[in-house]
Every structure is written in structure tokens, then in C-alpha cells.
Amino acid sequence: MGRTGVLLLNLGGPDQLEDVRPFLFNLFSDPEIIRLPFPWLQKPLAWFISTMRAKKSQENYRQIGGGSPLRQITEAQAQALEAHLQQKGQPARVYIGMRYWHPFTEEAIARIKRDRIDRLVILPLYPQFSISTSGSSFRLMEKIWQEDPLLNRIDYTVIRSWYEQTGYLQAMADLIAQELDRFPNRDEVTVFFSAHGVPVSYVEEAGDPYQKEIEECSALIMQNLNRPNPHVLAYQSRVGPVEWLKPYTEDAIEQLGAEGVQDLVVVPISFVSEHIETLEEIDIEYRELAEEAGIHNFRRVPALNTHPVFIDALADLVINALNSPSVKLAEVTQMKKKVKMYPQERWEWGLTTSAEVWNGRVAMIALIALLLELISGQGPLHLVGLL
Ligand SMILES: C=CC1=C(C)c2cc3[nH]c(cc4nc(cc5[nH]c(cc1n2)c(C)c5CCC(=O)O)C(CCC(=O)O)=C4C)c(C)c3C=C
Ligand SMILES: [Fe+2]
Ligand SMILES: [Fe+2]
């Protein structure tokens, strides 16, 4: 029968404050996170943004105890999943591959090779697919597979996204119900889904199914919840100068306050673990904003972490994937490509085709931006919100 493995893919986060800058460098080096039409500028820009952003980001991590809890939580999820698979008669070793921090995806694959795993289920810990999250990890894995022919002996299958999975929806609905039941007027409380945003261009130009999956997911959770509460969906954690998916969480909170809403239960929907954007952004920043907007009863639904119904759902996903036809990386990295008017603006997933004319222009712009920032500390990158 051979040895079975499960590879959990996740983003990763800085374990301590010293890790913040190199973590940000890894993140901004990823062409699925910042799209530049010229590869040679990716690393210098990543270095620059990570250096300039590190201080502000460190302050946020300091507020949540000096680092991201993501590694610990993901390790606990992996252990719980391993135990659960064993109980269900499907023993498997569970590995963790982070995209931007330890334990890196490359390290996980080295372990998988060393352990001579024969069958592997690749399971991203993002319920919904986005080019910027699961997509980026799939692309990286595709590259690792292409570069190492020895990996071809592993019979793998990929789970692209799993936001419709029954156990997951049930666990989410249970957690929301628990929070609603703390209110005396529990049926009138507004359920506020706050998803992590992505730039609009990902959806409209590159064909990212993320927005559609988020919308369907929140509707399915409401169905499972089966309560009369009003609900809204908004997008948080915008970075940089471009337009992101709307409505923005901060605007939606202000709007609800203006409409006289007093009771709110916020549901983080894009991520299954506590992380900086639940513990800092929602619990501190949005709570303050809500208070100012007159929403005095503000609660947040905890992340799933190792919720037993959720771990059971992950185990079911793995077992189901092992018993279904395999899905290959090439199938989950193909996106719709839309050709724009000019060849140099053609969208490709990741780095777009470079054109000499743009290389020159952007080099000049980048140089001027850099000089202005360094001289004044108040340059255009601060202005557009990247720093
Ligand atoms: C499904 C979840 C996520 C999507 C979609 C996503 C897209 C995305 N993120 C950035 C920029 C940053 N993300 C950062 C941290 C971060 N992002 C996610 C999840 C999604 N990102 C998580 C879980 C975390 C943090 C983990 C932790 O440490 O606890 C950061 C760093 C933090 C900061 O400085 O604010 C940045 C920057 C972009 C640009 C993007 C889509 C293009
Ligand atoms: Fe992010
Ligand atoms: Fe953030």
C-alpha cells in the first residue's frame, strides 16, 4: 500500500520581531503578491518595501505578543489531523509547508522525500482559492516538481479549495451561533463576514475565483447557521495603492454604525487560524472604529484552529482525495488570461511579459521614488500606502 503523507500549505508568519523584515522580504519577492512587468525589479523593490514597512509591521506584531501564532497553531492542526486520520483507519504523516517563513515548503518536501512517502495529498489551509495564496504555493510546488525528477515517483493529488465542505461549514456555523447566543437579542445581531481582500485586478483581469468563492462560502455558512440575522460581507487588510475588493471593512463598519446598528459579530472567513489580521486588525483596530461609529457591542468569532469538527472535516477531505482521481498541479495553476490592448499590459498569472520601454520608465520612477523616500521619509510609497 505504501506510505501516505499530507502536506498542509500555509502562509507562515514571523515567529519573533527580528523575523518580520525577512518575512516581509519573502512575501514581497513573490510575483503573485506584487505584480511587476519586469522580473529584475522584484527583489530590489521587495528589499525596499520590507525595509521601510518592517517598523510599522513590527509594532503590530508586538501588540499580539511579539510574533505570529501561525506556526504553533498549524503544528497543532497537523498533529490533530494525524491523530484523527489514524482513528479513521487512514494513517498518514502530516507535513507543514509555509510559503514565506519556517518551516518552508522546500523543507517539507525534503522531509517527504526522506520519509519515502508514496502517496501525497496536498491540502492548502485556505478554504477559498486565490492566486495570491493557494495559487502561489501551487506555483512554487510546480517549480519544485519540475526541478527534481525524483519527486515523480510520488503519486500526489491536489485539493484546490474546499469552502463547500460540510464539516467546515458546520464548524463555522457552530462558532457563530455560540457568539450570537451571548447577546440578549441574538436574532437581531448583524453577522459581519470580513474576508481578506485582494486587488480587483486579480479577479477582473487575471480571473481569480476568490471573490466568487468567498461570496458562495458566506452564503453557505448562513444557510448552515439557519438563523434570521442580517449579514454583510466586506474585505479587510488592503495593502498598496491599487483598488481592492469592496466594500472595505472599515467603510462597512462606519456605514452600519451610521444606520444605527449596535450589535455586531465579526466572522473572519478567509483563514482558519488566528493570525495578525484577526488578533490585531479586527480585535484592536476595527473594534476601536466600531466603538467610534456607535457599535458598542462588538464580538469576534474565534478562528477554527483545532476545533474538532473542523479537524474531522480536514480528515474527510484527505480521505476523499485519496479515493478520487488525482488532480495535478498543472490543473490548478492554469488561470484565465485576458489580453489587454497593449502587448506589454497582457496579464499572465505572475510576472507579465517584460517590455523594454516599460523597463526604462519604471527604473526611472523607482529611482526617483527611492531617493525621495530616503531623503524625506515621506515619499510616494508612504503616500500610496505601501509603507
Ligand atoms: C486568504 C488570506 C489571504 C489573502 C487572500 C492574502 C492576500 C494578500 N496579502 C498581502 C499582503 C500581506 N499579507 C500579510 C500577512 C498575511 N496575509 C495573510 C492572508 C492572506 N493574504 C495572513 C494569514 C497573514 C499573516 C500571518 C501572520 O503573520 O499572522 C502581510 C504582512 C503583515 C503586514 O505587514 O501587514 C502583508 C504585507 C497582499 C498584497 C495580498 C494580495 C495580493
Ligand atoms: Fe496577506
Ligand atoms: Fe494587515
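Residues numbered from 1 in each chain as written. Chains lettered and ligands numbered in written order. Predicted model: local features only at pLDDT ≥ 70, side-chain atom pairs only at ≥ 80, totals over all residues. Heavy atoms only, no water.

The protein chain carries the name Ferrochelatase in an unreviewed UniProt entry, which gives Aerosakkonema funiforme FACHB-1375 as its organism. The UniProt entry for the protein chain carries this comment under Function (unreviewed entry): "Catalyzes the ferrous insertion into protoporphyrin IX." Annotation of the protein chain in UniProt includes, under Subcellular location (unreviewed entry), the sentence "Cytoplasm". (UniProt positions renumbered as here; feature names shortened; annotations may be inferred.)

Please clarify how the site of ligand 1 should be interpreted in this entry.
In the vicinity of ligand 1 lie 28 residues, with Arg53, Ser57, Tyr61, Ser68 and Ile276 positioned nearest. In this structure, Ser57 approaches ligand 1 through a side-chain N or O atom, which is 2.9 Å from an oxygen atom. Here Tyr61 contributes a side-chain N or O atom positioned 2.5 Å from an oxygen atom of ligand 1. Considering ligand 1 on its own, with 810 Å² of exposed area, one finds that the protein chains cover 97% of that surface. Elements represented by at least two residues in the shell around ligand 1 include exactly α1 (20-28), α2 (42-63) and α10 (276-292). Tallying contributions element by element places α1 first for the shell around ligand 1, with four residues. (Near = heavy atom within 4 Å. Polar contact = N/O pair within 3.5 Å; in protein donor to acceptor, adjacent residues only side chain to side chain. Areas by Shrake-Rupley, 256 points an atom, 1.4 Å probe, with all protein chains shown as cover. Helix = DSSP H or I, 4+ residues; strand = E, 2+ residues; numbered from the N terminus.)

Can you help me understand the sheet that holds strand β1 (residues 4-10) in this one?
In any sheet, the strands associate via hydrogen bonds between backbone groups, in a parallel or an antiparallel arrangement. One open sheet holds the four strands; their spatial order is β2-β1-β3-β4, and the pairing between them is parallel. Edge strands, defined here as strands with exactly one partner in the open sheet, are β2 (93-98) and β4 (155-158). Averaged over all pairs of adjacent strands, the angle between strand axes in this sheet comes to 20°, irrespective of strand direction. As defined by bridge partners, strand β3 (residues 119-124) adjoins β4 across four bridges and the pair is classed as parallel. For Ile122, the partnering residue across the bridge sits in β4 and is Val158. The strands touched by helix α3 (residues 70-87) are β1 and β2; relative to β2, the strand with the most contacts, the crossing angle is about 155°. (Pairing = 2+ DSSP bridges. Axes fitted to C-alpha atoms, helices over the stretch in contact; angles between N-to-C directions. Contact = heavy atoms within 4.5 Å.)

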